[in-house]
Amino acid sequence: MNLFYYPAACSLADHIALIEAGLPYKLLVINREKKTEDGRDFNAINPKSYIPTLELDDGTVLTENQIILAYIAERSGKLLPGGMARWRVLEALAFMSSEIHGHYVPFFRDFPEPEKVRAREKLAKSFAILSDQMGDKAFLVSEEMTIADCYLFWVLMVAPKSGVELPENLQACFERLKVRPSVMQALSEEGLG
């Protein structure tokens, strides 16, 4: 499988999940001109023109973090528990995607300060919700790492750009994830560690 990515972008979540799941993959970076590392036009691969994008061995292309992460979990049989925990993992992915990821845009694109203030307020509220969901567990949903934690790592890694202080349990989880072998490998492979 080919994972198309930008270093330090949200595709890092999928990269971590691929390593954690033990699935074979090839990383292909996308440049500013939307060319892939192997010379192809990225827009022809993914007309949405953004990452993450996972190209399967048969040429099928998957997009959207939630879908790629669920595919990795389903294919590997890892990182997605059964029962109600499964639904909590998927719920957490959807929440992070809609209520956190999108509110980082003002900081990535240097929006005017009033928009950043509104985004900080929404981020602080969203982090408080995640903190309550996590409670005293080792990971977001359970005592075992799931695909939600792969995405959570990126969400927490980017948080300093917003200036929002993380709740103590989320910061502690970030520190635990940061030294996990799969995370360290992904950071290293993306030139970040």
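Residues numbered from 1 in each chain as written. Predicted model: local features only at pLDDT ≥ 70, side-chain atom pairs only at ≥ 80, totals over all residues. Heavy atoms only, no water.

Given a rise of 1.5 Å per residue, twelve residues ought to cover 16 Å, and the 18 Å separating the end C-alpha atoms of helix α7 (residues 147–158) matches this to within 8%. Among the twelve residues of α7, eleven are classified as buried, and the element is accordingly described as predominantly covered. Restricting attention to buried positions, one finds in α7 the residues Ile147, Ala148, Asp149, Cys150, Tyr151, Leu152, Phe153, Trp154, Val155, Leu156 and Val158. The residue sitting at the N-terminus of α7 and contributing the capping side-chain oxygen is Thr146; that oxygen lies 3.1 Å from the backbone nitrogen of Ala148. (Helix = DSSP H or I, 4+ residues; strand = E, 2+ residues; numbered from the N terminus. Expected span 1.5 Å × (residues − 1). Buried < 20%, exposed > 50% of the residue type's maximum accessible area, 1.4 Å probe, protein only. Polar contact = N/O pair within 3.5 Å; in protein donor to acceptor, adjacent residues only side chain to side chain.)

What follows concerns the nonpolar core. One finds Met96, Tyr104, Phe127, Leu140 and Tyr151 to be the most contacted residues of the largest nonpolar core, which totals 65 residues. Top contributing element to this core by residue count: α7, with ten residues. Ignoring any residue separated from it by four or fewer positions in sequence, one finds Tyr151 in contact with Cys10, Ala13, Asn65, Leu69, Leu93, Met96, Ser97 and His101. (Core = buried A, V, L, I, M, F, W, Y, C linked by side-chain atoms within 4.5 Å. Contact = heavy atoms within 4.5 Å.)

So, about the packing of helix α4 (residues 83–100) against helix α6 (residues 113–134). The contact between α4 and α6 brings their axes to 10 Å, and the two run at 170°. With respect to α6, the element α4 is oriented roughly antiparallel. Note that α4 runs across α6; the crossing there is left-handed. Along the contact surface, α4 presents Arg88, Ala92, Phe95, Met96, Glu99 and Ile100, while α6 presents Leu123, Ser126, Phe127, Ile129, Leu130 and Gln133. Looking at side-chain class alone, the contact of α4 with α6 contains eight nonpolar, two polar and two charged residues. (Axes fitted to C-alpha atoms, helices over the stretch in contact; angles between N-to-C directions. Parallel < 35°, antiparallel > 145°, perpendicular 65-115°, else oblique. Left-handed = near helix turned anticlockwise from the far one by under 90°. Nonpolar A, V, L, I, M, F, W, Y, C, P; charged D, E, K, R; others polar.)

Another aspect to go through is the pattern of salt bridges. Applying the stated criterion across every chain yields a total of nine salt bridges. A salt bridge links Glu91 to Arg88; the shortest N-O distance between them is 2.9 Å. Residue Glu91 and its partner Arg88 are located together in helix α4, separated by three residues, close to a single helical turn. Residue Arg120 is joined to Glu113 by a salt bridge in which the shortest nitrogen-to-oxygen separation is 2.8 Å. (Salt bridge = Lys/Arg side-chain N within 4 Å of Asp/Glu carboxyl O.)

Once that is clear, we can look at the layout of surface pockets. Reported here for the largest pocket is a volume of approximately 670 Å³. In this structure, the largest pocket is lined by 20 residues; those nearest its centre are Ala9, Cys10, His101, Phe108 and Trp154. At the level of secondary structure, the elements contributing two or more residues to the lining of the largest pocket comprise α3 (65–76), α5 (105–108) and α7. The biggest single contributor to the lining of the largest pocket is α7, with three residues. Of the residues in the lining of the largest pocket, the class split is 13 nonpolar, four polar and three charged. (1 Å grid on protein atoms, 1.4 Å probe; cavity = no way out; pocket = protein on both sides within 12 Å on 5 of 7 lines; lining within 4 Å. Points joined across faces, edges and corners; volume = space filled by probe spheres on them.)

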